[in-house]
Amino acid sequence: MHTPVPFRRQLPQRAGSWAAVAAALLVLHGCGDDETAAAAPPAAAPVTPAATMIAGTVAVGAAVPGASVTVRDADAATADLTGTADADGAYALDVSSLKPPLLVSASGTLNGEPVVVVAVVPAVTAHAGNTANVTSLTNAVAALIAPGGDLDALASADKIAAVSASTVADASALLVNTLKSNPRFAALLGDGFDPLKTPFTANGSGIDAVLDQVAVEVGSSGVAITNLTAPAGESGQSAPVVLTAAQTSNPTAAPPLPASSAAGELPTSAEMLALAKKLETCLALPLAERVTMDAAKQVTAVSPACSFAPAQWKSDGGNWAERVGMNTLRYDAATGTKVGTPTIAVPLPAPNHGGNVFQHPFCNAATCVIMNIPMTSASGKPTNSTWLVGKIDGQWDYVGNQLPYAMGVEQRLNRKVAVNIVLAAANPSNFYLQDRLESVVRLTFNPEASAAADSGKVRAVVWKGPGLPEAGVVTHRSSRCGTADRFPITNQQGLLTVQNSGNTQWWNVGGGNEFMLDAAKLDGTALTMPTPSTNWATNATVASQEIRSSAFTGTIAAWSVYKAEIYHYANSSNTTPDEVIYLRTGSPFEPASTGAARSWPQLSTAFIDGYLKPTGAQAGSLASLAQTMDWSNPASGYVNFGYLFSQNRVSAMNGQSETDNYWKRANMFFRLNALGDTSAPGYEWAPNQAGTALSPTTETAGSNPNPRCGSDEVLPLDPDSSRGSYREAGLQFRGTDRKLYSMIRFWSN
């Protein structure tokens, strides 16, 4: 890393000393000879003033290598100066031709993401060296003094000219006082810290460690500062502290940051980087040298170079091959991925659970940390992954969530657009036929992926937490085909008995596991959601159990806690769960209306016409993966994968010689060859089983459909409304907050 060196004023070299010149002058003064007086000494060389320099570090935690640096002054007629930072983010520029105040802008790319930060320099010492860092902190100071908090508005010459040293000093003091309200940060920053003027090196220590451990976001409401090292509570990550321009008038009254976890409870930058580099080393290998797969693309083994987790690692009821191998290592798009500087996403304090509550072997009695690894794909696209790390025998390592089942909670935002516009127009009161935005919480209990953990004993999971009804959302395994990766929603009254009876319910006929918190029209205006029935115990036609009775208007922070109450078939109680597992959602709730301003990917017209209309060339049965999905990427970001889903009523006989109509479903996944692609081939099928087929208690019980599901097939799309023909094609992508977004086009009868 480069450390800025103090500037030294360089004096010009002269032919003789100042003493020799003085002696000559004395001789001339004492001599009256005219000829001698006429012989004047040679003229001294002109003194060239030293240059006025600014130099510093461009960093947002990690250095921004090769950043372009531009300096502008208050005179619109003066040409801007430009330069380039080195690999460590260090830059130096001669600004002798400019008149302060100055605005320094730096732009570059870090881990595939564009970075733009600015610094306001109110004054410089002429003919000397001046430190002018350009970081997320100087960017925050600039936002606090910019007109309306708009950094772009600050760039004009008249606005630069209006900058005063006192205004910058007050904004800087407000920011520094806020940071130093946290004792950990105060110690790292040291006495006399100035975001602009204090030299530092982007090496993960000292001042740079603070940049790594806070998230600084500039927005219309002010500057939000989140302490990433503050332990998460049940309500999730600590809320950010927001600084505003009005607060700069009294910077000593700075709002305090929440306290950090103890230093010994957090991995160092070096420890996290060492763990991340193991992943990079693995992904540098070709796919065939990372994993071994069977014909169905299931990972059967991971190579020694990629088996870098400790023996105790376990996640979602599976081992390293079943989870990391399947979710990361087996994709071509992952090949050649480079890791950046890891950061702490959030510390998880020891919950100290007991009784029938799940107890993590490494994190129940000690703090563990969710580590974020920023990455850049071989195609230059940004991505990232989060990992749970904890101490094993005193050393930080990957530990996995250790859960006995594959399960989770995730906030999502969906954009759904109807292809069957005639039917939608004819039924404007039918919510499910209309174009809409949906904010949902996805509740996943995956019996297929949890088979090794004996999930067949589980009959129901009741979910409780932010945004959900207090009684709890009840989910059971389903008798529909294609539900082997979920427990669909049964009701939202917390009831585990069959409607109109006191009998314990063993399964349902549902398919959805997304509980809707909020909905809006595509333009962001209000959209009335269906009203759910709330009389599950007495009404045999209960509807809309997957939707809140009123739109959620609160907040759900990232890493908020949800409770899963798990009931076994052997348990006849419908009030006392066998197991309780607490989970955290990795992303915050976002109202549906915000989707109106977001850029979304779009399926190609050819794909919509061919696959999503009954008259399309690909509207018939699709039993082969030899398909291609095409799209355009959103303005910022890119599609992660696509899928084609179908559902229809089919009549068939099961293993008990019972013929009946049942719902058959199928899901074909399209995986990218490289991140940023605008098309992808068919890659694999989702599990084509009913959830009831995965438990010995239900696989042959009653009139459930096993084994009617048959072979993998996207069912024919037809206009016969009596059959309930349905298809949807989805494109999924993640935001910078790791929230999952889905763009969905659908045909419904």
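The model shown is predicted, which means the values in this text are computed figures rather than measured ones.

Parameters and conventions
For every chain, the first residue of the written sequence is number 1, and numbering continues from 1 onward in sequence order. Given that this is a predicted model, residues contribute local features only at a pLDDT of at least 70 and side-chain atom pairs are listed and counted only at 80 or more, while totals for whole chains, interfaces and linings are drawn from all residues. Only heavy atoms go into the side-chain values, all of them from the structure, while hydrogens and water stay out. Going along the chain from the N terminus, every DSSP run of H or I of four or more residues is numbered as a helix, and every run of E of two or more is numbered as a strand. The nonpolar core is taken to be a set of buried Ala, Val, Leu, Ile, Met, Phe, Trp, Tyr and Cys residues, with the residues joined through side-chain atoms within 4.5 Å. We call a residue buried when its accessible area falls under 20% of the maximum for its residue type, exposed when it is over 50%, and partly exposed in between, using a 1.4 Å probe and counting protein chains only. In a helix, the anticipated span is given by 1.5 Å times the number of residues less one. Within this analysis, the arc is defined by the directions that extend from the helix axis to the C-beta atoms. Throughout, a contact is declared for two residues whenever any of their heavy atoms are within 4.5 Å. What makes a salt bridge here is a side-chain nitrogen of Lys or Arg within 4 Å of a carboxyl oxygen of Asp or Glu, nothing more. A pair of strands is treated as paired once DSSP finds two or more bridges between them. Axis definition: a line fitted to C-alpha atoms, limited for helices to the stretch in contact. Angles are taken between N-to-C directions and run from 0 to 180 degrees.

Participant: Teacher, can you tell me more about unusual backbone geometry here?
Facilitator: Phi is mostly negative for residues that are not glycine, and the peptide bonds are mostly trans. A cis amide bond links Pro 100 to the next residue, Pro 101, at an omega of 5°. We note that His 127 has phi near 60°; this positive angle belongs to a residue other than glycine. Secondary-structure assignment places His 127 in the loop between strand S7 (113-121) and strand S8 (129-131).

Participant: I keep staring at the nonpolar core and nothing clicks. Help me out?
Facilitator: When a protein is soluble and globular, its nonpolar side chains tend to lie buried together. Residues Val 120, Leu 154, Leu 175, Leu 179, Val 223, Ile 225 and Leu 243 are the most contacted members of the largest nonpolar core, which totals 37 residues. Here this core gets seven residues from one element, more than from any other, and that element is helix H3 (residues 136-145).

Participant: How should helix H8 (residues 269-283) be read in this particular structure?
Facilitator: Turn by turn, an α-helix covers 3.6 residues, leaving residues three or four places apart pointing in a common direction. Here H8 is 15 residues long and its end C-alpha atoms lie 21 Å apart, about the 21 Å a rise of 1.5 Å per residue gives. If you check which residues of H8 are buried, you get Met 272, Leu 275, Ala 276, Leu 279, Glu 280, Cys 282 and Leu 283. Seen from one end, H8 has its buried residues packed into an arc of 165°, which puts them on one side. Turned more than 90 degrees away from the buried face of H8 sit Ala 270 and Thr 281, all of them exposed. Tucked into the core, H8 has its buried residues touching helix H9 (320-329), strand S15 (338-339), strand S16 (343-348), strand S17 (368-376), strand S18 (382-392) and strand S19 (395-398).

Participant: Even after reading the chapter, I still don't get the pattern of salt bridges, so can you show me in this structure?
Facilitator: Applying the stated rule across the entire model yields 17 salt bridges. A salt bridge links Glu 590 to Arg 598, with the shortest nitrogen-to-oxygen separation between them at 3.9 Å. A cluster of three or more residues bridged by salt bridges with shared partners is formed by Glu 410, Arg 412, Arg 442, Glu 514 and Arg 734.

Participant: Can you help me understand the sheet that holds strand S10 (residues 214-219) in this one?
Facilitator: Sheet strands pair by backbone hydrogen bonding; their relative direction is either parallel or antiparallel. What the three strands build is an open sheet, ordered S10-S11-S12; its pairing is antiparallel. For this open sheet the edge positions go to S10 and strand S12 (241-243), each flanked by a neighbour on one side alone. Going across the sheet, the axis of each strand differs from the next one's by a mean of 20°, ignoring polarity. Here three bridges tie strand S11 (residues 222-227) to S12, and the two strands are oriented antiparallel to one another. Across the sheet, Ile 225 pairs through a bridge with Val 241, a residue of S12.

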